[in-house]
Amino acid sequence: MSDTFYGSDFGALDAFDPEIAAVLVGELERLRGGLQLIASENMSSPEVLTALGSTLSNKYAEGYPGRRYYGGCVEVDKAETLAIERCKSLFDADHANVQPHSGASANQAVYGAFMSPGDTILAMSLPHGGHLTHGTKVSFSGKWFNAVHYGVDKDTEDIDYDQVAALAKEHRPKVILAGGSAIPRLIDFEFFRNLADEIGAIFWVDAAHFIGLVAGKAIPSPVPYADVVSFTTHKVLRGPRSGAIVCKEEHKAAIDKAVFPMMQGGPQMHTIAAKAVNFKECATPEYQAYATQVIANAKVLAEALGERGIRPTTGGTDTHLSLHDLQPVLVTGVDAEARCDAAGITLNKNAIPFDPQKPNIASGIRVGTPCVTTQGMGEAEMRTIADLIARAVTEGDADPDHAVSKAVRAEVTDLVTRFPAYPR
Ligand SMILES: *Cc1c(COP(=O)(O)O)cnc(C)c1O
């Protein structure tokens, strides 16, 4: 195969454009050299990366398999058909659209399919764990649609279901949206389905963060409950940077028309081929074991950080991520992020519910286990990581030459040497 396949050729790139070649190597070394705890990131396989770096990137294929606006689509049609069939089978869905370029593009298409400008959507607020595309003022979603937001309960820090029901009855939204970017707990899909039925709304789940756990059968699926489920393919799922939508048969035409031609032009056929590879990977027993381990690791990491005073909101997690309140240790999110960065630990500051700080300072951090689990780490390593984070956050410094930064970084190096990313 290697002599007939013309695709990624690092040597040729390095000879022609050493500046960009150096960036590719530098980024690989960055991934290998530190701990990646950003909850929305993962490390896709060489097989996925090979499909991404292929000549399928060249092909114009506006339309859908068998119904294209361009000739020469015989091979890319096969790729998209495989991606659609594998996606439907993985999630037991009536219909799949694998063309969205990203999670935000997938969401745009869902708005396009079900809403007109000015219509009302009920969604989780960004500061309580939602997403920019769920009706924030800086996004198209908040500029063109009337967004009403629910949040979390002050005591449980989990979704305030009473508030969701009250707002739905008061505002009668056309669409009710569940899902977000910083929700550590499982979502009660049945509750949302019943509520949507009661008021005649569409029930949409944005599963961008947790769809990989669903694919790996580690948590319950929203697919039987929701009219439509949008998601990204590059988070826990571990595919290429992209998006997809699955929906009930009755919404098939509306979704397909909203993705193309309403919101997008030509599909990225190399990415669609990579999604097909990823969906095949997700159907394996190895991926299911991975998804289960991601959650086991996240639970241990959340608990161990809590034991060190870095309190997990909601008391822990059911998923791949936890959100931590740094107020007990008197450190801000922005400082914690910088101190961890100096120690070789990549994570992000995050607003916590009812955060007294501005979003660019924040009182919390968000940590996730998709990457470290891909590297083969287990519960014992999570306890070590919690200890390293706690030392960096509470005793460390944003200066990489500070003694604590250096000491923690040395232990990070030891860990990532034993559990390498992209082993050589
Ligand atoms: C990540 C995310 C998105 C956006 O995905 P992009 O690929 O970055 O556009 C949308 N919704 C949720 C809930 C997300 O977490």
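Since the structure is predicted, the reported quantities are computational estimates derived from the model, not experimental observations.

## Topic: the overall build of the protein
Of regular secondary structure, the protein possesses 16 helices and 15 strands. What you see for the protein is a C-alpha radius of gyration of 22 Å, in line with the 22 Å of a compact globule of 424 residues. In terms of principal-axis extent, the alpha carbons of the protein reach across some 65 × 60 × 35 Å. Nonlocal contacts in the protein, meaning residues at least 24 apart in sequence, comprise 71% of its contacts between residues at least 6 apart. Counting every atom, the protein has about 17900 Å² of accessible surface; 54% of that belongs to carbon and sulfur. Seen as two clouds, the 38 positive and the 52 negative side-chain charges of the protein have centres 3 Å apart.

## Section: helix α5 (residues 103-114)
Here α5 is twelve residues long and its end C-alpha atoms lie 17 Å apart, about the 16 Å a rise of 1.5 Å per residue gives. Among the twelve residues that make up α5, nine are buried, leaving the element largely enclosed by the rest of the structure. Listed in full, the buried residues belonging to α5 are Gly103, Ser105, Ala106, Asn107, Ala109, Val110, Tyr111, Gly112 and Phe114. The opening residue of α5 is Ser102, an N-cap whose side-chain oxygen sits 3.4 Å from the backbone nitrogen of Ala104.

## Looking at the side chain of His251
Within the fold, His251 resides in the loop between β10 (243-247) and α10 (252-263). Residue contacts for His251: discarding those within four places in its chain leaves Phe114, Ile202 and Asp227.

## Notes on a negative patch on the surface
Side chains of Asp92, Asp94, Glu249 and Glu250 sit close together on the surface and give a patch of like negative charge. Topologically, Asp94 is positioned in the loop between α4 (74-91) and β4 (95-97). Owing to a relative accessible area of 39%, Asp94 belongs among the partly exposed residues under this scheme.

## Some words on the UniProt feature "site: Plays an important role in substrate specificity" (unreviewed entry) in the protein
The sites that carry the UniProt feature "site: Plays an important role in substrate specificity" (unreviewed entry) are, in the present numbering, His234. Mapped onto the elements of the fold, His234 is located in the loop between β9 (228-232) and β10. What His234 contacts, discounting residues up to four positions off in sequence, is Ser40, Glu41, Asn42, Gly239, Pro240, Arg241 and Ser242.

## A look at the pairing of strand β5 (residues 120-124)
With five of five residues buried, β5 lies mostly within the body of the structure. In this sheet, strand β6 (residues 146-150) lies alongside β5 in parallel orientation, the contact comprising five bridges. Within the sheet, the bridge partner assigned to Ala123 lies in β6 and is His149. In terms of strand pairing, β5 meets strand β7 (residues 175-178) through two bridges, oriented parallel. Looking across to β7, one finds that Leu122 is bridged to Ile176.

## Let's talk about the side chain of Asn348
Inspection of the secondary structure puts Asn348 in strand β14 (residues 348-350). Given the relative accessible area of 15%, Asn348 is considered buried. In this structure the side chain of Asn348 is engaged in a polar contact, spanning 3.3 Å, whose partner is the side chain of Asn350. When residues no more than four places from it in sequence are discounted, the contact partners of Asn348 are Ile38, Glu337, Gly364, Ile365 and Arg366.

## Quick notes on the UniProt feature "modified residue: N6-(pyridoxal phosphate)lysine" (unreviewed entry) in the protein
Per the UniProt record, "modified residue: N6-(pyridoxal phosphate)lysine" (unreviewed entry) is annotated on Lys235. Along the polypeptide, Lys235 turns up in the loop between β9 and β10.

## Digging into the site of the ligand
Residues in close proximity to the ligand total 13 residues, the closest being Gly103, Ala104, Ser181, Asp206 and Lys235. Between the ligand and the protein, one listed contact pairs an oxygen atom with a backbone N or O atom of Ala104 at 2.8 Å. Contacts to the ligand include Asp206, whose side-chain N or O atom sits 2.6 Å from a nitrogen atom. Within the complex, the protein chains bury 84% of what would otherwise be the 380 Å² of accessible surface of the ligand. By residue class, the composition of the shell around the ligand is two nonpolar, nine polar and two charged.

Definitions and limits used
- Residues numbered from 1 in each chain as written.
- Predicted model: local features only at pLDDT ≥ 70, side-chain atom pairs only at ≥ 80, totals over all residues.
- Heavy atoms only, no water.
- Helix = DSSP H or I, 4+ residues; strand = E, 2+ residues; numbered from the N terminus.
- Rg over C-alpha atoms; globule rule 2.2 N^0.38 Å.
- Contact = heavy atoms within 4.5 Å.
- Areas by Shrake-Rupley, 256 points an atom, 1.4 Å probe, with all protein chains shown as cover.
- Lys, Arg positive; Asp, Glu negative; His and termini not counted.
- Charge placed at Lys NZ, Arg CZ, Asp CG, Glu CD.
- Expected span 1.5 Å × (residues − 1).
- Buried < 20%, exposed > 50% of the residue type's maximum accessible area, 1.4 Å probe, protein only.
- Polar contact = N/O pair within 3.5 Å; in protein donor to acceptor, adjacent residues only side chain to side chain.
- Patch = residues over 30% accessible without salt bridge, like charges linked within 9 Å, V, L, I, M, F, W, Y side chains within 5 Å.
- Salt bridge = Lys/Arg side-chain N within 4 Å of Asp/Glu carboxyl O.
- UniProt positions renumbered as here; feature names shortened; annotations may be inferred.
- Pairing = 2+ DSSP bridges.
- Near = heavy atom within 4 Å.
- Nonpolar A, V, L, I, M, F, W, Y, C, P; charged D, E, K, R; others polar.

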